[in-house]
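Summary of the model geometry
Okay, here's what each chain looks like letter by letter:
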Protein chains: 2
Amino acid sequence: MDVVSNNLDLRAAPQIVTLRSALGDILRRAIVSGRFMPGQKLVERELCELTGASRASVREALRQLEAEGLVTLRPHRGPFVMSMTVEDARQLYGVRGVLLGYAARLCAAARPAAALAAIASATEALGQGAAAADHRAIVQSGDAFHAAIGAGSGNAVLQQMLASVHNRLALLRNLSMALPHRVREGLAAYAAIRDAIAAGRPAEAEALCLDHNDAGAALALCILEEAEGHRARREARTG
Amino acid sequence: MDVVSNNLDLRAAPQIVTLRSALGDILRRAIVSGRFMPGQKLVERELCELTGASRASVREALRQLEAEGLVTLRPHRGPFVMSMTVEDARQLYGVRGVLLGYAARLCAAARPAAALAAIASATEALGQGAAAADHRAIVQSGDAFHAAIGAGSGNAVLQQMLASVHNRLALLRNLSMALPHRVREGLAAYAAIRDAIAAGRPAEAEALCLDHNDAGAALALCILEEAEGHRARREARTG
DNA sequence: CATAGAAGATTGTTAGACAAACGGTCAATC
DNA sequence: GATTGACCGTTTGTCTAACAATCTTCTATG
């Protein structure tokens, strides 16, 4: 340690000290962002070439993603990006409802300054994104909003579970690029949640989150069912 | 859809096809059952010798257990059995409350026959275990009771998350073998939950589960705080 | 007594190997 | 013509061996 190190942020070395965690992050991002589509088969050798890592490291990362519910490891057949049925989505939304509601309740009860700022900022960003019809910005600020509530709950276990559910639901988002008129209503819902939390009304915040979640679930399930119908029809025609 | 498929369940081949999943189960059981104590360092070489598997397989299994929150993998220091602070336990119980409540609600709404039977059976077993003061039986039937509610919810995501939280809380149980007079009150609570579910009263089942969870949390936190106090005192004396 | 430094042990990661299992092709059979 | 069965390439599951980076421990030194 020399003179220079005094000026810099000491607790550097985030988590990128190990290749395995970096690999996990890279693959997770690739899946959540839609770089790998749901249902797609992932070949270990390809992942190795793609990332430059060895098979052992790739397999360790895949094992973690499996535990997170983002990939399924079918024995002797290899890893596949998790593909959701309508029933899966229904269950995920159900769990997200109670978790998100609980998080909002805690958040509204504790009202940590950082979380309030993050929530307000995300709401603001969503508004701008909606005005500019910037799809990427809308998605990103939506994620930020939910992440802020999770972090603001002060419950790390809850936060992690919410993130896991959220990541899996993101798979669904990649299936259909549709979020058409939902933005307008969504914006109002986000603002209402933000206000309820900022004002310290836990019960109201929870109820609003439940409504918001149900609305999202209804839309997603509708889209998913239609997509599944499409698939079924196509298969019926082909087979 | 032939004649045979109606009577027999064809899909044999459980899940023990891969060594990695078997390893994961073995290590998980070893941790949850207290064979490895919380905070204990796990040396890869020892695990290899203990299980007869190679380092690669052991590391894959450890990676999964890490994602489940049962071990922490500290970079360049190795895997440790997760040890819980009072705050960790508080957060886990908080999450378990909402998840268990939700599961009971769903269970009471759907009332699948298999779940009702399993719940009744577990309650019965708990009563017998309590009468015989059979510690192992009490623990086992308690686990079975919670597992039955999770399974009865019909929500696989919820079931898995409940199991994860439950496993982590089992670590706490290994810290102190104490569940002294809690059995008597516990028995009544279990019976009440069973009845509420069997009678199809979702709101009541949820409320009872929340109470039950709070009672467990209070006791566990009390014990944990005492244990932590012990540790602090001992460290103060030693250091 | 504190500290620097060397020695040993453990982890992180790679490479290569091999058996078992899977998916598909293609001929033989009913 | 459709089904059965054998063959073959590919991929996975698992192991062994190895090496650099890092942690821990012990020792020697000021």
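The structure contained in this document is the topic of the report that follows. (Residues numbered from 1 in each chain as written. Chains lettered and ligands numbered in written order. Predicted model: local features only at pLDDT ≥ 70, side-chain atom pairs only at ≥ 80, totals over all residues. Heavy atoms only, no water.)

Now for helix H4 (residues 86–110) of chain A. All names here are of chain A. Given a rise of 1.5 Å per residue, 25 residues ought to cover 36 Å, and the 36 Å separating the end C-alpha atoms of H4 matches this to within 8%. Most of H4 sits inside the fold, with 18 of its 25 residues counted as buried. After H4 finishes, the residue Arg-111 shows a positive phi value of roughly 50 degrees. (Helix = DSSP H or I, 4+ residues; strand = E, 2+ residues; numbered from the N terminus. Expected span 1.5 Å × (residues − 1). Buried < 20%, exposed > 50% of the residue type's maximum accessible area, 1.4 Å probe, protein only.)

Turning next to the packing of helix H2 (residues 19–32) of chain B against helix H4 (residues 55–67) of chain B. Residue and element names in this part refer to chain B. Close contact between H2 and H4 brings their axes to 9 Å; oriented N to C, the two are set at 55 degrees. Between H2 and H4, the crossing angle belongs to the class labelled oblique. Note on packing geometry: the crossing formed by H2 with H4 is right-handed. Residues Leu-19, Arg-20, Leu-23, Gly-24, Leu-27, Arg-28 and Ile-31 of H2 form the contact with H4, whose own contacting residues are Ser-57, Val-58, Glu-60, Ala-61, Leu-62, Gln-64 and Leu-65. Classifying every residue of the contact of H2 with H4 gives eight nonpolar, three polar and three charged. (Axes fitted to C-alpha atoms, helices over the stretch in contact; angles between N-to-C directions. Parallel < 35°, antiparallel > 145°, perpendicular 65-115°, else oblique. Left-handed = near helix turned anticlockwise from the far one by under 90°. Contact = heavy atoms within 4.5 Å. Nonpolar A, V, L, I, M, F, W, Y, C, P; charged D, E, K, R; others polar.)

This part takes up the packing of aromatic side chains. All names here are of chain A. Summed over the entire model, instances satisfying the criterion amount to two aromatic pairs over all chains. Ring centres 4.4 Å apart and planes at 40 degrees place the aromatic pair Phe-145 and Tyr-190 in the tilted group. Of this pair, Phe-145 sits in helix H6 (residues 135–152) while Tyr-190 is found in helix H8 (residues 182–198), placing the two residues 45 residues apart along the sequence. Each member of the pair, Phe-145 as well as Tyr-190, carries the same accessibility label: buried. One residue, Arg-74, lies across the ring of Phe-80, its end atom 4.1 Å from the ring centre. (Phe/Tyr/Trp six-rings, centres within 6.5 Å; stacked < 30°, edge-to-face > 60°. Lys NZ or Arg CZ within 6 Å of the ring centre and 35° of its normal.)

Our next topic: the protein's contact with DNA strand D. Surrounding DNA strand D, one finds 21 residues, the nearest of these being A:Arg55, A:Arg59, B:Leu19, B:Ser54 and B:Ser57. Contact distances for DNA strand D include 2.2 Å between a phosphate oxygen and a backbone N or O atom of B:Leu19. Tallied by class, the residues present in the surface near DNA strand D amount to five nonpolar, seven polar and nine charged. (Near = heavy atom within 4 Å. Polar contact = N/O pair within 3.5 Å; in protein donor to acceptor, adjacent residues only side chain to side chain.)

Under the fitted operation, chain B is carried onto chain A by 0.0 Å of movement along the axis and a turn of 180 degrees, and the coordinates agree to an RMSD of 0.0 Å. Interpreted geometrically, this transformation is the action of a two-fold axis. Both copies share a contact surface, since 100% of the interface residues of chain B are interface residues in chain A too. (Least-squares fit on C-alpha atoms with pLDDT ≥ 70 in both.)

So, about the interface of chain B and chain A. Taken together, the contact between chain B and chain A spans 28 residues of the former and 28 residues of the latter. Regarding the contact of chain B and chain A, the summed buried area is about 2700 Å², with carbon and sulfur atoms giving 59% of it. Where chain B touches chain A, the interface holds four salt bridges. With its nearest N and O atoms 3.9 Å apart, the salt bridge here joins B:Glu60 to A:Arg63. Among the secondary structure elements, those contributing two or more residues to the side of chain B that touches chain A are H2, H4, helix H5 (86–110) and helix H8 (156–175) of chain B. Tallying contributions element by element places H5(B) first for the side of chain B that touches chain A, with eight residues. (Buried area = accessible area lost by both parts, 1.4 Å probe. Salt bridge = Lys/Arg side-chain N within 4 Å of Asp/Glu carboxyl O.)

It is worth spelling out the pattern of salt bridges at this point. By the definition in use, this model includes 24 salt bridges over all chains. For B:Arg173, the salt bridge identified is with B:Asp143, shortest N-O distance 3.1 Å. Placement of B:Arg173 in helix H8 and of B:Asp143 in helix H7 (residues 135–152) is noted, with a sequence separation of 30 residues between them. In the salt-bridge network here, residues are joined through shared partners; they are A:Glu44, A:Arg55, A:Arg59, A:Arg63, A:Glu66 and B:Glu60.

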